[in-house]
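Read off the chains here:
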2 protein chains.
Amino acid sequence: METTSDEMQEWLKSGDSREYFELVAFPTVGADPSRLRDCVACATWLKKWLKGIGAEAELVLPSARGVPEEKTAALSVPVVFAELKGSEGAPTLLFYGHYDVQPADPLELWETPPFEPTPRGYRVYARGAQDDKGQFFAFLCGLREFWREADAEGRMRPNVKILLEGQEESGSTGLFRLLGEPEFRRRIAADMMLVCDTSAAAGLRPAIVAGMRGVCHFTMRLEAASRDLHSGEFGGIAPNAAQGMCELLAALHDAKGAIAVEGFCDGIAEPTPEELEAAAAGAASDDEIKAEIGTEPCGGERGVSAVRRGGFAPTIEVNGVHSGYGGPGSKTVIPCEAVAKLSMRLVAGQNPRRCFELVKEHLRAHCPEGMRISFPEDSGLSPALRLPLGSPAMSLAEEVLSEMDARGPVFRWEGASIPVVAALKETSGAAPILVGWGQSGDRIHSPNESFSVRQFLLAKQWGKAVISYAYGITRG
Amino acid sequence: METTSDEMQEWLKSGDSREYFELVAFPTVGADPSRLRDCVACATWLKKWLKGIGAEAELVLPSARGVPEEKTAALSVPVVFAELKGSEGAPTLLFYGHYDVQPADPLELWETPPFEPTPRGYRVYARGAQDDKGQFFAFLCGLREFWREADAEGRMRPNVKILLEGQEESGSTGLFRLLGEPEFRRRIAADMMLVCDTSAAAGLRPAIVAGMRGVCHFTMRLEAASRDLHSGEFGGIAPNAAQGMCELLAALHDAKGAIAVEGFCDGIAEPTPEELEAAAAGAASDDEIKAEIGTEPCGGERGVSAVRRGGFAPTIEVNGVHSGYGGPGSKTVIPCEAVAKLSMRLVAGQNPRRCFELVKEHLRAHCPEGMRISFPEDSGLSPALRLPLGSPAMSLAEEVLSEMDARGPVFRWEGASIPVVAALKETSGAAPILVGWGQSGDRIHSPNESFSVRQFLLAKQWGKAVISYAYGITRG
């Protein structure tokens, strides 16, 4: 399974790689309003590419009717929608991917600029090299190859619908709104849905995702005095927002690391023994995780296995906390304000809105004296996804992957979320197949993200194979 | 005591104000290495000004012998030292001030640029308008006026030594090192020491500082994984440095807001009933503080009065905490690192080095699993100062201030620190008099710092009067 130097050289000369470098160079940070032009340019590039392979393609924006003017900006990142007509009476596949990427900061930790894709060894380094531009584009290259061959050979082809959004990393605002439009829901109706945005197992053994956690992000602001105060003059007198924020965030978990928010874990659907066994078989060991992350895998509740903590238990994580001075030397200040970025990961049985309300209630109840708490931003509110083992879609994926790799696939219950997948499953009526080719060493969401040529070629092979098999599935 | 429009106009036309605007325009952030050139330029400007009033003046740098090369930069901010020779056999005064200022951030909260002194109403707005450039320069304008008049009239004059440093806000590194040089100690020997860097009471009633807290600043870094991780993939598995930092900082205080570090408060010299009574008489009420800071004065230990909490009790404050994402939208990251800026204020009876060691020990003992703690920076380690009521220096100040203002002075035990004053008292042999003209509305250390013309004129009057009276004091 090792990439060879020849394979790398050949790939670097291919049209696939040339186009891939172009695609990854767009700085499509969907969460950052100043990157809107780049998102539109990238979406336009994708539309053209899809037309090039014979699809009808267009950029779609949701209606802004009834949306307050200050919130319409979030609806301006276009969704790319395309259709390839298959054989008469063929079943319909819906492929979903996202062309937006995480912010690239801290920039100083990148070895090469994040939006200048750079080959080094058998990998290409860039923000989005893997997540999700690399994965979805490799898949689409496989689709292109299948389509050309089937066309030339007169083979039967399924209908393929392609949906690429630009806000997956920031809550899929625009796409969620589109999914509320009946006309759009009709357009995306399908029998099976394919998503290539997840990870393979160790050694690039194929993995089928049988579950994903839901997610909700929010921002919390804590305000104390009306301005920053001198820590000598007012120390011991005025309340300190940095200190208060720390106490507040510390109160989210108990001494055992369990979530301390009352009612938050009520109703959680525990995994079946079959699911736990399959999850353990496909999971990395504590030692492997330790080697990967550089410290003990001791997050979450003590006394619970990593397999359960990572796939079947919810989290409340501090994604960032900022208050007061952070420059060189010292500044004798009592900060008047603190801001935290938080996210929750939710599992089957948890209602996202109820969980968010419980967390806000808990935080308000623990708000330190003399301070005011507010929640100026939130996004997501996506429920978890749990897919039954043994369904027709699962069986198809198992069959294709067993042909690709004699080891056969493992099943995984991912800790990560693709918030829109649960909603797409609901609105399109399609059965999801989540198979992706990420590796944790790809450093997605971190500096120096990368994707190897081997991963690219596997994603492409998977795309080509699963589409060619899919003609045979029963229509939904 | 109100400034009149005429008074303001007259002052704006004076040489004092023209020079004051020049002085305040130097962006002398002593803690910021990129501002070294500005500090040198400001010190040079001061040397020239002092020569202009007839003093011998020079810039002094401590010897860097034995200092590791990477630490010599902190010794490059010059100390300004000047001497005015008085009458034969006259006593010697040492005047201390600092020309460095706090960093100006957050810049966006300034109504006018921090280093463009701007008159508005009866105030001048700029970083350093008060602390300490405004205060020491107004005092020196009073000295100049006395000197000229005494020269013209042939009056007896004390010897005056003037010491202006550029690192007060960041630990007085260079000056502390100079104080270790026997030659420099001989040069600053004096009978009485004057410092104009503190506050007056409400309504600009004069205030004599009878105590100041000591201080120690330090930076703490907490490291978990070897890089930022995806909060979905590793949420519940990897330890989170932002969360860990919050837990660690929350552990510095108990549920009542008292310092939880064992042994930290041992040996504290409690105030005498006389001191407590005088302090209460000179202190603002809780309602006045609330109006001033915009929230309840509920910092520090519950059940202890604000007078005790602000003047006679130590603090450990979080001056800043930074970890992970803080930009627009969200970023699904588990931060691998967190940095906190902390400071302690110490009272009489506490040994700064011992306190710092106890705090580090406490933090290490509470370091969350899977994380590493380090203390990359510290400065200060200055003990508290408590000056006996009724000493000759105190009596002189009381007499001069009672002539200036019929209400007479109040006595204050300040929560703030001038770390170098305790050391200067020790090395110069001089008895300190700390009288300043700040008001908490001056917003020192905050955006939109300012100093009123009335305050400037009072500081000048005080400088002129105390120096003219000082000839009569007994030589030490």
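Per chain, the residues get numbers from 1 upward, laid out in the order the sequence is written. Each chain takes a letter, starting from A, and each ligand takes a number, starting from 1, following the order in which they are written. Only residues with pLDDT of at least 70 get local features here, since the model is predicted, and only at 80 or more are side-chain atom pairs given and counted; chain-wide, interface and lining totals rely on the full set of residues. Excluding hydrogens and water, the side-chain values take into account all heavy atoms of the structure.

**Details of the overall build of chain A**
Part 1 of the reasoning: If you tally the helices and strands in chain A, you get 14 helices and 18 strands.
Part 2 of the reasoning: In terms of C-alpha radius of gyration, chain A reaches 23 Å, essentially the compact-globule figure of 23 Å for 476 residues.
Part 3 of the reasoning: Taking the principal axes of its C-alpha atoms as reference, chain A extends roughly 80 × 50 × 50 Å.
Part 4 of the reasoning: Classification of residues uses two cut-offs on accessible area relative to the type maximum, computed with a 1.4 Å probe and protein chains only: under 20% is buried, over 50% is exposed, and between them is partly exposed. Here chain A, with 476 residues, has 62% of them falling under the buried criterion. Numbering of helices and strands starts at the N terminus; helices are DSSP runs of H or I of at least 4 residues and strands are runs of E of at least 2. The quantity called the radius of gyration is restricted to C-alpha atoms. Its globule counterpart is 2.2 Å times the number of residues to the power 0.38.

**Quick look at the relation of the copies chain A and chain B**
Part 1 of the reasoning: Overlaid copies result from least-squares superposition on C-alpha atoms, with residues included only where pLDDT is at least 70 in both. For the match of chain A to chain B, the screw axis carries a shift of 0.0 Å, the RMSD comes to 0.1 Å, and the turn is 180 degrees. When the rotation and shift are considered jointly, the pair of chain copies conforms to a two-fold rotation axis.
Part 2 of the reasoning: Should any heavy atoms of two residues lie within 4.5 Å, those residues are counted as being in contact. By residue overlap, the copies meet face to face through one surface: 100% of the interface positions of chain A are interface positions in chain B.

**Overview of the sheet that holds strand β8 (residues 207-212) of chain B**
Residues and elements named next belong to chain B.
Part 1 of the reasoning: One bridge is not enough; two strands pair if DSSP finds at least two bridges between them. The mixed open sheet is built from three strands, whose spatial order is β15-β8-β16. Among the strands making up the open sheet, the edge pair consists of β15 (385-386) and β16 (410-414).
Part 2 of the reasoning: In terms of strand pairing, β8 meets β16 through five bridges, oriented parallel. By the bridge assignment for β16, Ile208 is matched with Phe411.
Part 3 of the reasoning: To obtain an axis, a line is fitted to C-alpha atoms, over the contacting stretch when the element is a helix, and the angle between two such axes runs from 0 to 180 degrees between their N-to-C directions. The strands that helix α12 (residues 392-404) touches are β8 and β16; relative to β8, the one it contacts most, it runs at about 150 degrees.

**Describing the interface of chain A and chain B**
Part 1 of the reasoning: Tallying the contact residues gives 81 residues for chain A and 83 residues for chain B.
Part 2 of the reasoning: When two components associate, each loses some accessible surface as probed by a 1.4 Å sphere; the sum of these losses over both components is called the buried area. Across the chain A/chain B interface, buried area totals approximately 7200 Å², and carbon plus sulfur atoms make up 52% of it.
Part 3 of the reasoning: When the buried surface of chain A facing chain B is broken down by residue, A:Arg227, A:Ile237 and A:Lys331 rank first, second and third, together holding 10% of it.
Part 4 of the reasoning: By convention in these notes, a salt bridge is any Lys or Arg side-chain nitrogen within 4 Å of a carboxyl oxygen on Asp or Glu. Applying the counting rule to chain A against chain B returns two salt bridges.
Part 5 of the reasoning: In this structure, A:Glu292 engages B:Arg227 in a salt bridge whose closest nitrogen and oxygen atoms are separated by 2.2 Å.

**With respect to the side chain of B:Ser450**
Part 1 of the reasoning: Among the structural elements, B:Ser450 can be located in strand β18 (residues 450-452).
Part 2 of the reasoning: With residues up to four places along the chain from it excluded, the contact list for B:Ser450 reads B:Arg123, B:Val124, B:Tyr125, B:Ala126, B:Ala129, B:Gln130 and B:Asp442.

**Digging into the sheet that holds strand β5 (residues 123-125) of chain A**
All names here are of chain A.
Part 1 of the reasoning: Across the sheet, three strands lie side by side as β4-β5-β18; this open sheet has antiparallel pairing. A strand with exactly one partner marks an edge of an open sheet, and here the two such strands are β4 (118-120) and β18 (450-452). Direction aside, the axes of adjacent strands within the sheet are offset by 30 degrees on average.
Part 2 of the reasoning: Pairing analysis gives three bridges linking β5 to β18, with the strands arranged antiparallel. Opposite Tyr125, over in β18, you have Ser450 as the bridge partner.

**Section: the nonpolar core**
Part 1 of the reasoning: In this structure, A:Tyr20, A:Leu50, A:Tyr99, A:Ile162, A:Leu164, A:Trp437 and A:Trp462 are the most contacted members of the largest nonpolar core, which totals 98 residues.
Part 2 of the reasoning: Per-element accounting of this core gives the leading share, ten residues, to helix α4 (residues 133-153) of chain A.
Part 3 of the reasoning: As used here, the term nonpolar core means buried Ala, Val, Leu, Ile, Met, Phe, Trp, Tyr and Cys residues forming a set that is joined through side-chain atoms within 4.5 Å. Formed by 97 residues, the second largest nonpolar core is a distinct cluster that contains B:Cys39, B:Ile418, B:Ile433 and B:Phe451.

**Some remarks on the environment of A:Arg454**
Part 1 of the reasoning: Mapped onto the elements, A:Arg454 comes out in helix α14 (residues 453-470).
Part 2 of the reasoning: Through-space distance from the C-alpha of A:Arg454 to that of A:Ser199 is 14 Å; in sequence the pair is 255 residues apart.

**Comments concerning the packing of helix α1 (residues 5-13) of chain B against helix α2 (residues 15-24) of chain B**
All names here are of chain B.
Part 1 of the reasoning: It is at 4 Å that the axes of α1 and α2 come closest, and there the two elements cross at 65 degrees. When the axes of α1 and α2 are compared, the pair comes out roughly perpendicular. For the pair formed by α1 and α2, the contact residues are Trp11, Leu12 and Lys13 on the first element and Gly15, Asp16, Ser17, Tyr20 and Phe21 on the second.
Part 2 of the reasoning: When its residues are assigned to classes, the contact of α1 with α2 shows four nonpolar, two polar and two charged. Roughly parallel refers to an angle under 35 degrees, roughly antiparallel to one over 145, roughly perpendicular to one between 65 and 115, and oblique to any angle outside these ranges. Residue polarity is assigned by list, with Asp, Glu, Lys and Arg as charged and Ala, Val, Leu, Ile, Met, Phe, Trp, Tyr, Cys and Pro as nonpolar; anything else, Gly included, falls into the polar class.

**Some remarks on the pattern of salt bridges**
All names here are of chain B.
Part 1 of the reasoning: For the structure on display, the rule yields 52 salt bridges over all chains.
Part 2 of the reasoning: Arg186 is the salt-bridge partner of Glu183, the closest N and O atoms lying 3.2 Å from each other. Residue Glu183 and its partner Arg186 are located together in helix α6 (residues 182-187), separated by three residues, close to a single helical turn.
Part 3 of the reasoning: For Glu183, a relative accessible area of 47% translates into the label partly exposed.

**Some details on the packing of aromatic side chains**
Residue and element names in this part refer to chain A.
Part 1 of the reasoning: Pairing of aromatic rings covers Phe, Tyr and the six-membered ring of Trp, with a centre-to-centre limit of 6.5 Å; geometry is then stacked below 30 degrees between planes, edge-to-face above 60, and tilted otherwise. Counting across every chain of the model gives 28 aromatic pairs over all chains.
Part 2 of the reasoning: Centroid distance Phe146 to Trp147: 6.1 Å. Interplanar angle 70 degrees. Geometry classified as edge-to-face. As far as burial versus exposure is concerned, Phe146 and Trp147 are alike and both buried.
Part 3 of the reasoning: Grouped by ring-pair contacts, the aromatic residues Trp11, Tyr20, Phe21 and Phe456 constitute a single cluster.
Part 4 of the reasoning: Two conditions define a charge located above a ring, namely a distance within 6 Å from the ring centre to NZ of Lys or CZ of Arg, and an angle within 35 degrees of the ring normal. Positioned above the aromatic ring of Phe356 is the side chain of Lys360, whose terminal nitrogen or guanidinium carbon lies 4.2 Å from the ring centre.

**Things to note about the side chain of A:Asp197**
Residues and elements named next belong to chain A.
Part 1 of the reasoning: Along the chain, Asp197 turns up in the loop between β7 (192-195) and β8 (207-212).
Part 2 of the reasoning: A polar contact of 3.2 Å, which involves the side chain of Asp197, links it to the side chain of His98.
Part 3 of the reasoning: Apart from residues no more than four positions distant in its own chain, Asp197 is found in contact with His98, Asp131, Asp132, Gln135, Glu168, Ile418, Val435 and Gly436. For the purposes of these results, a polar contact is taken to be a pair of N or O atoms within 3.5 Å, where, inside protein, one atom must be able to donate a hydrogen and its partner to accept one; residues adjacent in sequence count only when each atom of the pair is a side-chain atom.

**Quick notes on helix α3 (residues 36-52) of chain B**
Residue and element names in this part refer to chain B.
Part 1 of the reasoning: Here α3 spans 24 Å end to end across 17 residues, near enough to the 24 Å set by a 1.5 Å rise per residue.
Part 2 of the reasoning: Here α3 has its buried residues at Cys39, Cys42, Ala43, Trp45, Leu46, Trp49 and Leu50. Down the axis of α3, the sector holding all buried residues measures 160 degrees, keeping them to one side. Facing away from the buried side of α3, by more than 90 degrees, are the exposed residues Arg37, Lys48 and Gly52.
Part 3 of the reasoning: Buried positions along α3 lie against α2, β1 (56-60), β2 (79-84), α4 (133-153) and β6 (159-165).
Part 4 of the reasoning: Directly after α3, the chain includes Gly54, whose backbone phi takes a positive value near 105 degrees. Any helix carries an expected span of 1.5 Å times its number of residues minus one. Note: the arc covers the axis-to-C-beta directions of the helix.

**Digging into the confidence of the model for chain A**
Part 1 of the reasoning: Chain-level statistics for chain A give a pLDDT mean of 93 and a share of 99% at 70 or above.
Part 2 of the reasoning: For this predicted complex, the interface score ipTM comes out at 0.78, alongside a pTM of 0.78. Per-residue confidence from the predictor is reported as pLDDT, which spans 0 to 100.

**Focus: the pairing of β8(B)**
Residues and elements named next belong to chain B.
Part 1 of the reasoning: Most of β8 sits inside the fold, with six of its six residues counted as buried.
Part 2 of the reasoning: Here β8 pairs with β15 via two bridges, running antiparallel. Bridging across to β15, Met212 finds its partner in Leu385.

**Details of the environment of B:Gly299**
Part 1 of the reasoning: By the element assignment, B:Gly299 lies in the loop between α9 (286-293) and α10 (306-311).
Part 2 of the reasoning: By relative accessible area, which is 7% here, B:Gly299 ends up buried.
Part 3 of the reasoning: For B:Gly299 and B:Asp228, which are 71 residues apart along the polypeptide, the C-alpha to C-alpha distance reads 34 Å.
Part 4 of the reasoning: Those residues in contact with B:Gly299, other than ones at most four positions away along the chain, are A:Gly236, A:Ile237, A:Ala238, A:Pro239 and B:Arg309.

**As for unusual backbone geometry**
Part 1 of the reasoning: Across the junction of A:Asp105 and A:Pro106, the peptide omega takes the value 0 degrees, indicating a cis bond.
Part 2 of the reasoning: One non-glycine residue, B:Leu204, adopts positive backbone phi at about 55 degrees.
Part 3 of the reasoning: One non-glycine residue, B:Asn448, lies in the positive phi region at around 65 degrees.
Part 4 of the reasoning: Checked against the element boundaries, B:Asn448 lands in the loop between β17 (431-434) and β18.

**Comments concerning the state of the cysteines**
Part 1 of the reasoning: In this description, the term disulfide denotes a pair of cysteine sulfurs within 2.5 Å. The final tally for this structure, using the stated rule, is zero disulfides over all chains.
Part 2 of the reasoning: Between B:Cys246, a cysteine without a disulfide, and A:Cys246, which holds the nearest cysteine sulfur, the sulfur-to-sulfur distance is 4.0 Å.
Part 3 of the reasoning: This cysteine, B:Cys265, is not joined by any disulfide, and B:Cys355 carries the nearest cysteine sulfur, 7.9 Å off.
Part 4 of the reasoning: On the accessibility criterion, B:Cys265 (38% relative accessible area) is partly exposed.

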